[in-house]
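What the coordinates show
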Amino acid sequence: MNTPPTAPCITLVLPYAEAGRQTPYWAGGEAQVDWVRGGMEAERCTVAFAAVELRDHLRRTVPTATFAFSAALPDRGPAIVLGPAATLRAVLGLEIAGVPADPQGYVIRSSAAAPHLVLAGGGREGVLYAAYAWLAELGWRWQSPGPGGEVAPEIRADVPLAGWDLATAPDFPLQRGFHVAVEGMESPDLFRWMARNRLNAWRHHPRSGPLMRKLGFRFISGGHVLEEILDPDRPQADGRTLFEAHPEWFAETAGRRERSQAHRRQFCVSNPAAMAHVTRAIVEHCRTDWHGTDWQNLWMFDTWAGWCECAGCRALGNDADRYLHFLSCNRAALDAAVAAGSLDRAPGLVLVAYEGTPSLSGPSRGVPANLTDGRDLVLYAPINRCYVHPLADAACGELNAHYDQALREWGRESQRLPLAVVEYYNVSKFEDLPVLFTRTMGDDFRHYHRCGVRGMSYMHIPVALWGPRALTQVLFARLAWDAAADVPAIVTDYLAHRYGPAAPVMRAFYAELEAAYANVTAWRNWLDRSVNRRLLQWDG
C-alpha cells in the first residue's frame, strides 16, 4: 500500500525559556497577565498565542506536517521563528533588518542560510499580525466572525518557508476599529476576527479585557458623558437642584440662563467653578469605572445648537477653541491627580469634531500646549456626509464641501494634536440596512491619510448577521492598514472566496445593491430636509 509522504516536523521557535513546554499555557494565560504594566509577561502571552494560532491553522493547511515548540533554533530542519525584533536579537542573536519601529509593524522574511521563516514584529502586536498576514498569503480568509466566516485554503503538501520578504506597518497606527452603540456589545468571536484582520480598537470591557489586550487591542470608551455630570435636576445637599444652586454654570442665551436651556447649549466652560466640578467628576471616573481605557471620549452635550454666549466664553475663541479649553482643563486636572498620587494612570482624552456638539470646524487659536504630547486626539465625525461622492469630490458642494474644509482645518493641527476619523457606515439612521461603500471608501481613506489622519473607526458595527455588509468590514480592515490598497482587487478576492462559482452573479447583485443605497444620506440622516425627517414631521 502506498502511503502519502510525511512532511518534516516544523519547529516553532519563540525566544523565551521553557517555550517547548509552556507555549500553549502562555497562549491561554491572559487572565494572569498584568496588562497595565505590560512587559515581558504580556509580550510572551501574545507571541505564544500567535504561535498556537499558526500551528492550528497550518495543521489544517498541511495535514501531514507536524509541529513542535522550542526556545532555540533547531540544528537542522525547517523552523518558523516568531518574536519582537528586539527580543530575537537579545535572546537568539538574530539581527532582522528593516523591522518597522511601530510595535504593530512586522517583517515576514525567509532565511537564506537555512529553511527558516522569520515573523518579526516591532512589538508583540506586530508578531501576531505577521502570523495572520502570512496565513492570509497562504489563502486563509476571515470574512466575518466565527467559523461560518472563515475560508480555508485548499490542502497542500508542504509549508512554503522560502521566498518571503515582506515588511509593513499600518497607515493608521493610532487605532483601527469601531465605536459601538451599546455598552454590552461584547463578542470574543468578533474580537478574534478583528485581530486576524489587523484591527485593534473597541470600547473597554472588563470581562473580555484580558483577551482583547492579548490580541493587541486599544480601548476607546465613553461618549457624551456630561449629561450625567451636569444633570440640572440633580438634588443638592441643601435641597435645591444643581441648576437652582448654580445657574451660572449653565449656558447663557440672549443674556439669560434658564433651566430649559441647560442641556440645549454647552455649559459655561469659562466659569472656573463649573470647570472644577466637571474635572473632579472626570478624575473620579478615571479612578473608577474608566480606569481600564486608553482613550476616553469627552464629548459635549449632543445639542445641535450652540455654546454659552457669555462674554467669558466668547473671549475663548470659536467653538473648537472653547472645546480645546475644556479638554485642556481636564488634562491639567488628570495630570495633577497622577502627580499627587491619587490617580495611578490617566487615559488619553478625545475631542469630537462634530456638528452636534457643535465643534466641526478647526480652532482659530491653535492647540493648548498640554494637549500636544501625543496622548490626546481629535475625532473627526462627518455625520451627515454624502456617500454618492468621495469626501474630497468638488462636485458635492451641497454636503461634503464643508466637511472636507473642516477636515483640512483639523489636519493642519494634526502634528500637534493627533487626528482620527469616525465614519458612519452603519449609523443608527441607516437602521442596519445593507448599505455598501466600495465606490467611495478607497478615495476617502487615501484622502484622510493625506490630510494627516492616523486613526480610523466607524459607527456602529453589528456583532453578527453581517450579510453583504461583511464586504464593508473587510474593506475597512484592509484600507485601515494600507490606505492605498487596491479596492477592486479586494472586492474580487472577497466575492471569489465567499461565493465561488456564483461570484459573477453576486458581483452584479452587490453592484445593484450599492447603487440602490448610494444616496442614503438624502433620505436617512439628521438634516431637516432628509426624507425620514420630513416624514416624521408630517401630520397628515
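We now turn to the structure provided with this report.

Conventions we followed
- Residues numbered from 1 in each chain as written.
- Predicted model: local features only at pLDDT ≥ 70, side-chain atom pairs only at ≥ 80, totals over all residues.
- Heavy atoms only, no water.
- Helix = DSSP H or I, 4+ residues; strand = E, 2+ residues; numbered from the N terminus.
- Rg over C-alpha atoms; globule rule 2.2 N^0.38 Å.
- Buried < 20%, exposed > 50% of the residue type's maximum accessible area, 1.4 Å probe, protein only.
- Contact = heavy atoms within 4.5 Å.
- Areas by Shrake-Rupley, 256 points an atom, 1.4 Å probe, with all protein chains shown as cover.
- Lys, Arg positive; Asp, Glu negative; His and termini not counted.
- Charge placed at Lys NZ, Arg CZ, Asp CG, Glu CD.
- Pairing = 2+ DSSP bridges.
- Axes fitted to C-alpha atoms, helices over the stretch in contact; angles between N-to-C directions.
- Salt bridge = Lys/Arg side-chain N within 4 Å of Asp/Glu carboxyl O.
- Parallel < 35°, antiparallel > 145°, perpendicular 65-115°, else oblique.
- Left-handed = near helix turned anticlockwise from the far one by under 90°.
- Phe/Tyr/Trp six-rings, centres within 6.5 Å; stacked < 30°, edge-to-face > 60°.
- Patch = residues over 30% accessible without salt bridge, like charges linked within 9 Å, V, L, I, M, F, W, Y side chains within 5 Å.
- Nonpolar A, V, L, I, M, F, W, Y, C, P; charged D, E, K, R; others polar.
- Polar contact = N/O pair within 3.5 Å; in protein donor to acceptor, adjacent residues only side chain to side chain.
- Core = buried A, V, L, I, M, F, W, Y, C linked by side-chain atoms within 4.5 Å.
- Arc of directions from axis to C-beta.

A word on the overall build of the chain. Looking only at helices and strands, the chain has 18 helices and 16 strands in total. A compact globule built from 540 residues should have a C-alpha radius of gyration of about 24 Å, and the chain, at 26 Å, falls within 12% of that. Dimensions along the principal axes, computed over C-alpha positions, put the chain at roughly 95 × 60 × 40 Å. Sorting the 540 residues of the chain into buried and exposed places 56% on the buried side. A fraction of 71% describes how many contacts in the chain between residues 6 or more apart in sequence connect residues 24 or more apart. Surface summary for the chain: the accessible area is close to 22100 Å², and the carbon and sulfur share equals 53%. One way to put it: in the chain the 53 positive side-chain charges average out to a point 1 Å from where the 58 negative ones average out.

Read from one edge to the other, the open sheet built from six strands follows the order S2-S1-S3-S5-S4-S8, with strand pairing classed as mixed. Each edge of the sheet is formed by a strand with only one pairing partner; in this case those strands are strand S2 (66–70) and strand S8 (165–168). Taking each pair of neighbouring strands and ignoring which way they run, the sheet shows an average axis angle of 15°. Sheet topology places strand S4 (residues 106–110) next to S8; four bridges connect them, and they run antiparallel. Following the sheet pairing, Tyr 106 is matched in S8 by Thr 168. Seen against the sheet, helix H2 (residues 40–61) touches strand S1 (9–13), S2, strand S3 (79–84) and strand S5 (116–121) and runs at an angle of roughly 150° to S3. Sitting on the sheet, helix H3 (residues 85–92) touches S1, S3 and S5, and the angle it makes with S3 is about 115°.

Using the criterion set out here, one finds 31 salt bridges in the structure. Residue Arg 156 is joined to Asp 158 by a salt bridge in which the shortest nitrogen-to-oxygen separation is 3.5 Å. By relative accessible area, Arg 156 is classed as partly exposed at 30%. By relative accessible area, which is 38% here, Asp 158 ends up partly exposed. Of the charged contacts, one joins Arg 385 and Asp 444 as a salt bridge, the two residues approaching to 2.7 Å between their closest N and O atoms. Here Arg 385, found in the loop between strand S14 (377–380) and helix H12 (400–411), pairs with Asp 444, found in helix H13 (residues 441–450); they are 59 residues apart in sequence, far enough to count as distant. On the basis of relative accessible area, Arg 385 is assigned to the buried category, the value being 0%. Taken together, the salt bridges that share partners define one network made up of Arg 331, Asp 335, Asp 373, Arg 375 and Asp 376.

Okay, the side chain of Lys 214 next. With respect to the helices and strands, the residue Lys 214 is situated in helix H6 (residues 209–214). When residues no more than four places from it in sequence are discounted, the contact partners of Lys 214 are Ala 27, Gly 28, Glu 30, Trp 35, Cys 45, Thr 46, Phe 49, Arg 124 and Leu 128.

The next thing to look at is the packing of H13 against helix H14 (residues 470–481). To characterise two packed helices, one gives the angle between the axes of the helices and the distance between these axes. Interhelical geometry of H13 versus H14 gives an angle of 30° and a closest axis separation of 10 Å. On the basis of the axis angle, H13 is roughly parallel to H14. The element H13 and its partner H14 pack so that their crossing is right-handed. In contact with Met 441, Gly 442 and Phe 445 of H13, H14 contributes Thr 472, Leu 475, Phe 476, Leu 479 and Ala 480.

Applying the stated criterion to the full structure yields 29 aromatic pairs. For the ring pair Tyr 387 and Phe 437, a centre distance of 4.8 Å and an interplane angle of 65° mean the geometry is edge-to-face. In this pair, Tyr 387 sits in the loop between S14 and H12 while Phe 437 sits in the loop between strand S15 (419–423) and H13, placing the two residues 50 residues apart along the sequence. With respect to class, Tyr 387 is no different from Phe 437; both count as buried. A ring pair is formed by Phe 445 and Phe 476, whose centres lie 5.9 Å apart and whose planes are at 80°; its orientation type is edge-to-face.

Together, Val 531, Leu 535 and Trp 538 line one region of the surface with nonpolar side chains, adding up to about 360 Å² of accessible area. Among the structural elements, Val 531 can be located in helix H18 (residues 531–537).

In this section: the packing of H2 against helix H4 (residues 124–137). Axis separation between H2 and H4 bottoms out at 8 Å; the angle between their running directions is 10°. On the basis of their axis angle, the class for H2 and H4 is roughly parallel. Only Arg 124, Val 127, Leu 128, Ala 131, Tyr 132, Trp 134 and Leu 135 of H4 make contact with H2, whose side of the interface consists of Ala 42, Glu 43, Thr 46, Val 47, Phe 49, Ala 50, Glu 53, Leu 54, His 57 and Leu 58. Residue classes in the contact of H2 with H4 are distributed as 12 nonpolar, two polar and three charged.

Locating Thr 279 in the fold gives a position in helix H9 (residues 272–287). What makes Thr 279 buried here is its relative accessible area of 11%. Within the local environment of Thr 279, its side chain forms a polar contact with the backbone oxygen of Ala 276, the two atoms lying 3.2 Å apart. In this view, Thr 279 contacts Cys 329, Asn 330 and Ala 333; residues no more than four positions away in its chain are not counted.

A word on the nonpolar core. Core analysis: the largest hydrophobic core is formed by 162 residues, its most contacted members being Ile 80, Trp 134, Trp 202 and Phe 267. Counting residues in hydrophobic clusters, the runner-up holds 11 residues, among them Ala 79, Val 81, Leu 88 and Val 107.

A word on the environment of Pro 358. Structurally, Pro 358 is set in the loop between strand S13 (348–353) and S14. With a relative accessible area of 12%, Pro 358 lands in the buried category. Along the backbone, Pro 358 and Gly 105 are 253 residues apart, and their C-alpha atoms lie at a distance of 36 Å.

Inspection of H3 places Ala 85, Thr 87 and Leu 88 among the buried residues, and these make up the whole buried set. End-on, the buried residues of H3 take up no more than an arc of 160°, which puts them together on one face. Turning to H3, the residues buried within the fold contact H2, S3 and S5. Positive phi appears at Gly 93, one or two residues downstream of H3, with a value of about 70°.

Moving on, we get to the pairing of S1. Counting buried positions along S1 gives four out of five residues, so the element sits mostly inside the fold. Taken together, the five bridges between S1 and S2 define a ladder with parallel strand orientation. Bridge pairing in S2 places Thr 11 opposite Ala 68. Looking at chain direction, S1 and S3 are connected through three bridges and run parallel. In the sheet register, Leu 12 faces S3, and the bridge partner there is Ile 80.

So yeah, pure geometry; function would need other evidence.
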